[in-house]
Amino acid sequence: MSATVDLAPTVPRADAPPRPTKPRGRARVQHPLAIVIFVVPFGILFSLFYLVPIGYAIYQSLLVIEREGTFGEAREVFGGLTQYVLVFQNGPFWESIARVLTFGAVQVPIMLGLALLFALLLDSPLLRGKRFFRLAFFVPYAVPGVIAAIMWGFLYSPSLSPFSAVTSNINFLSADLVLWAIANVVTWVFVGYNMLIIYSSLLAIPAELYEAARLDGAGQLRIAWAIKIPLILPAITLTAIFSIIGTLQLLAEPQVFRSFSSAVTSTFTPNLTVYSTSSIPNFNLAAAFSVVLALATFILSFAFLKFTQRKDEK
Amino acid sequence: MSRTKRAVVVALLTASTVALVGCSTGGSSASGDADAASCEPSTGQVDLTFTSWIPGIEDVVDVWNEANPDIQVAVQTGPNGNGGTYQNFFNQLKAGNAPDLGQIEYDALPNFRVQNGLTNLAACDGVLDAQNDFVDWTWGQVNFGEDDAVYAIPQDSGPMAMFYRSDLFAANNIAVPTTWAEYAVAAEQVRATGSYITNFSQSDINQFAGLVWQAGGTWFENDGTDWTVDLTSDASVTVADYWQDLIDRDLVSTNPPWTTEWDNAYNTGAAWTWTSAAWGANSIASGAPDTAGKWSVAPSPQWQAGDDASGNWGGSSTAVFTGSEHPFEAAQFALWLNTSEESLTMLNESANLYPAATDGLTLPVLQEGVEFYGGQAIYDVFADASSTVSPDFVWGPTMTQTYNDVSDGFKAAVTGQGTLLEALTSGQTSTIDALKAQSIPVKE
């Protein structure tokens, strides 16, 4: 085991050219105008579709409604953190966060495990028909999430499913199982996508490493375990972060399943809570929910990144 | 900071300021309770936009456009109100780009009014006079019981009756129930054949409200200074306990409504009755096409034998949204749409709408037998039902939320967690909270 651990980090370092030391006090920028021209389109779009909406949501979340009389005209006035107090008092919202965390704790490892397995199989010399399998695994990702959810909804449905022999006995849409039925849909859609990210990172590993390993007598399994996986860890980390974000923001699948299942409520996931709050309409509370959800997502992703980086440094 | 960096920062800041300004000017909307005093005709060609979900509404609007080259209406269709169109309306109102006209069910009108979404049409030519053209209780829904106020033009109503599979009841020698007690007995007999007497809808809370309405209950009151929320009155408890019992004994199915699964149950004879509104005639015909000719319509089962009470489910109005620049023309179109014989006939033929206009009730098309229902003149039943609908039912100002929360509870109840009554009780609490959150005065 110790030999393999050494192998991975040392080899690329030996290959790498010596780093040029950065000159202190940079030279004058060559084409200032060009840089501006390149940055401005991005800057405008980034502000329009990212900074402004976020700013607007934060602004909305700080307002409260005031009115007089049963049909009095609503006025939005500054209310400080009133909406945030309501968010923290809202039981169903935190239950929904706990629900998606449970979901993620089970679904993300399974999905990424499968994605890794498929990527390694595609990358191994043992598999034939690689192109076909690469496409076949990826195809579900080309199906829009809503369509996938509708399709699986019908597959799960007790009387309409082509597998009604199974679905009439096991109710996949019941309160106990529907979360995992949704997990299955999400896994089905995203395994191929994550597989492709991992696979492309596998392709970037120089072939000499495998040659060297084979000369040292390593088999395919050993190569996968001791060379490939350590080298593609950054890609796996990336897919994990994407998945954590995706999990916290689950919306389309549960929204579609609301019409199939009695067990999916209007507060099933955090984003559904936001959606149904905005349909009251209570935009201010919905904005506060969104801001808290965004912060929670940020903290979780960042914590995961820190955690994996610390492991790398050891 | 180098010069270029500064330039970039300045450019970014400028860009975002421009964007922000763009947002704030677009977002500022006119005051909500529009002055009833100002409703002048516009000059020149007027283009109106109208959002609705009635099947076949495009053809009706085409007829208007042919006859009124100066007032052209562009119609946009969407999902039914609670299925997404109301949310779009709320978002559009917030963004200041709502259509001129929109279809809104009576139960959602207070919700839109409290969000300053509706234009008071009372000053528009012919609108106040139109009161006499409409069934009383529908007018009460659009003027909120106030003089000099008309917040929408009534379109149709949804008096409730019982659709039932007359062929199956006859073939199995089961008496068609006339009271809810008989209905429960029939439910057992139907269950013995392997089918269900009906499907209890976990998310049509407005249907449940219709049943409470029939039992003499009401959910809200508005005394002018405060709202009262009363989801758990005696009538509500009676209705909730009744259906809870049927659910507990597995005498009704609990498929989510408006799904293929649900259609399938009706299409294959797995469900035999549906207590629904006049417009429901269209839902059965389109959802269960294989059962053509096998359905009939009978009055709703009664709580006391010999009673004569009906509830109402749905029914829409045509409202003019805040921000419309042409309320006069919009009101003219809404009046034509909902009172002209031509329009009402088309709406009935394409969507089985049961008009709110009194003249509409004598339309030839409403006297005829309907083929899908074995040639029965089904609107006779709905006409009787309509005359027994209590005019006193009041809707709350956050019905979307009330429906969502009660529906969450009903969903739990049909999956064996909690009861319908518990759902109403928690809906009561959450509705009061939602009202408070919007500073709407409410009695506890």
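Here the structure is a predicted model, which means the values were calculated and not measured. Starting from 1, residues in each chain are numbered consecutively following that chain's sequence as written. Whichever chain is written first is A, and whichever ligand is written first is 1; the rest continue in order. Where local features are concerned, this predicted model is filtered to residues with pLDDT of at least 70; where side-chain atom pairs are given and counted, the filter is 80 or more; whole-chain, interface and lining totals use all residues.

### Comments concerning the UniProt feature "domain: ABC transmembrane type-1" (unreviewed entry) in chain A
Logical step 1: UniProt positions are given in the numbering used here, feature names are shortened, and annotations may be inferred rather than shown by experiment. As annotated by UniProt and renumbered to match this structure, "domain: ABC transmembrane type-1" (unreviewed entry) occupies residues 97-304 of chain A.
Logical step 2: Put simply, DSSP H or I for four residues or longer makes a helix, DSSP E for two residues or longer makes a strand, and each gets a number counted from the N terminus. Between the C-alpha atoms that bound residues 97-304 of chain A there is a distance of 17 Å. The span itself is 75% helix and 0% strand.

### What about the pairing of strand β11 (residues 316-320) of chain B?
Residues and elements named next belong to chain B.
Logical step 1: Counting other C-beta atoms within 10 Å of a residue's C-beta gives its exposure: the residue is buried at 20 or more, exposed at 12 or fewer, and partly exposed in between, where C-beta atoms are placed from the backbone. Of all 5 residues in β11, 5 are buried; the element is thus mostly enclosed.
Logical step 2: Here, strands pair whenever DSSP counts at least two bridges between them. Bridging between strand β3 (residues 101-105) and β11 involves 5 bridges; their strand directions are antiparallel. Looking at the pairing, Gln103 lines up with Thr318 of β11.
Logical step 3: Looking at chain direction, strand β4 (residues 153-154) and β11 are connected through 2 bridges and run antiparallel. When the bridges of β11 are listed, Ile153 appears paired with Thr318.

### Focus on the interface of chain A and chain B
Logical step 1: It is the C-beta atoms, placed from the backbone, that decide contacts: two residues are in contact if theirs lie within 7 Å. The interface of chain A with chain B comprises 41 residues on the first partner and 50 residues on the second.
Logical step 2: Those elements that place two or more of their residues in the side of chain A that touches chain B are α2 (32-61), β1 (63-66) and α14 (283-313) of chain A.
Logical step 3: When grouped by side-chain class, the residues that make up the side of chain A that touches chain B number 23 nonpolar, 15 polar and 3 charged. Residues are sorted three ways: Asp, Glu, Lys and Arg are charged, Ala, Val, Leu, Ile, Met, Phe, Trp, Tyr, Cys and Pro are nonpolar, and all the rest, Gly among them, are polar.

### Things to note about the sheet that holds strand β2 (residues 71-77) of chain B
Residue and element names in this part refer to chain B.
Logical step 1: Strand order in the open sheet formed by 5 strands is β2-β1-β3-β11-β4, and the pairing between neighbours is mixed. Single-partner strands in this sheet number two, and they are β2 and β4.
Logical step 2: Pairing analysis gives 2 bridges linking strand β1 (residues 46-52) to β3, with the strands arranged parallel. Looking across to β3, one finds that Thr51 is bridged to Gly102.
Logical step 3: Relative to the sheet, helix α2 (residues 57-67) contacts β1 and β2, its axis offset from that of β2 by approximately 175°. Axis definition: a line fitted to C-alpha atoms, over the contacting stretch in the case of helices. Angles run 0 to 180 degrees between N-to-C directions.

### Topic: the sheet that holds strand β10 (residues 295-299) of chain B
Residues and elements named next belong to chain B.
Logical step 1: Strand order across the open sheet formed by 3 strands is β9-β6-β10, with antiparallel pairing between neighbours. Looking at strand neighbours, the two that pair on one side only are β9 (273-277) and β10, the edges of this open sheet. Averaged over all pairs of adjacent strands, the angle between their axes in this sheet comes to 35°, without regard to strand direction.
Logical step 2: Across 5 bridges, strand β6 (residues 160-165) lies against β9 in antiparallel orientation. Note that in β9 the partner of Ala161 across the bridge is Ser276.
Logical step 3: Packed on one face of the sheet, helix α11 (residues 280-287) meets β6, β9 and β10 and runs near 135° to β9.
Logical step 4: Contacts from helix α15 (residues 378-387) reach β6 and β10, with the element oriented near 20° to β10.

### Details of unusual backbone geometry
Logical step 1: In the segment running from Ile280 of chain A into Pro281 of chain A, the intervening peptide bond is cis, with an omega of 0°.
Logical step 2: At Asn352 of chain B, a residue that is not glycine, the phi angle is positive and equals roughly 55°.

### Regarding helix α10 (residues 220-231) of chain A
Given 3.6 residues per turn, any residue in an α-helix points the same way as the ones three and four places further on.
Residue and element names in this part refer to chain A.
Logical step 1: The length a helix should cover is 1.5 Å for every residue beyond the first. Look at α10: 15 Å from first C-alpha to last across 12 residues, which is about the 16 Å you get at 1.5 Å a residue.
Logical step 2: For α10, the complete set of buried residues consists of Ile223, Ile227 and Lys228. For α10, the arc enclosing every buried residue in end-on projection is 85°, short of the 170-degree limit, so these residues lie on one face. The arc in question is the one traced by the directions running from the helix axis out to the C-beta atoms.

### Some words on the domain arrangement of chain B
All names here are of chain B.
Logical step 1: What the domain assignment lists for chain B is domain 1 (46-157 + 314-362) and domain 2 (160-312 + 392-443).
Logical step 2: Each domain's limits were defined by an automated method or a database of domain assignments. Each of domain 1 and domain 2 has a C-alpha centre, and the two are 27 Å apart.
Logical step 3: Residue-level contacts link 16 residues of domain 1 with 15 residues of domain 2.
Logical step 4: Taken together, the residues of the side of domain 1 that touches domain 2 sort by class into 8 nonpolar, 6 polar and 2 charged.

### Brief notes about the environment of Leu221 of chain A
Residue and element names in this part refer to chain A.
Logical step 1: Here Leu221 lies in helix α10.
Logical step 2: Overall, Leu221 belongs to the exposed group, with 10 C-beta atoms counted inside 10 Å.
Logical step 3: For Leu221 and Leu233, which are 12 residues apart along the polypeptide, the C-alpha to C-alpha distance reads 17 Å.

### Re the UniProt feature "transmembrane region" (unreviewed entry) in chain A
All names here are of chain A.
Logical step 1: Summarizing the sequence annotation, UniProt attributes the feature "transmembrane region" (unreviewed entry) to residues 33-59, 100-123, 135-157, 177-210, 231-252 and 285-305 in the numbering used throughout.
Logical step 2: Measuring from the first to the last C-alpha atom of residues 135-157 gives 28 Å, for a span that is 87% helix and 0% strand.
Logical step 3: Split by type, residues 177-210 is 88% helix and 0% strand. Its first and last C-alpha atoms lie 44 Å apart.

### What to know about the packing of α2 of chain B against helix α13 (residues 341-351) of chain B
For any two helices packed against each other, one specifies the inter-axial angle together with the distance between the axes.
Residue and element names in this part refer to chain B.
Logical step 1: Contact geometry of α2 with α13 gives a least axis separation of 9 Å together with a crossing angle of 165°. Looking at the two axes, α2 sits roughly antiparallel to α13. Here α2 and α13 pass one another in a crossing that is right-handed. Within the contact between the two elements, α2 uses Asp59, Val60 and Val63 and α13 uses Glu342, Ser343, Met346, Leu347 and Ser350.
Logical step 2: Class assignment for the residues of the contact of α2 with α13 results in 4 nonpolar, 2 polar and 2 charged. An angle counts as roughly parallel when it lies under 35 degrees, as roughly antiparallel when it exceeds 145, as roughly perpendicular when it falls between 65 and 115, and as oblique in every other case. Note on convention: near helix rotated counterclockwise from far helix by under a right angle means a left-handed crossing. Clockwise means right-handed.

### Some points on the packing of helix α8 (residues 205-214) of chain B against helix α9 (residues 234-248) of chain B
Residue and element names in this part refer to chain B.
Logical step 1: Where α8 contacts α9, the axes come no closer than 9 Å and their chain directions differ by 120°. Considered as vectors, α8 and α9 are oriented oblique to each other. Once α8 is placed against α9, the crossing between them reads as right-handed. Where α8 approaches α9, its residues Phe208, Leu211 and Val212 are matched on the opposing element by Ala235, Ser236 and Val239.
Logical step 2: Of the residues in the contact of α8 with α9, the class split is 5 nonpolar, 1 polar and no charged.

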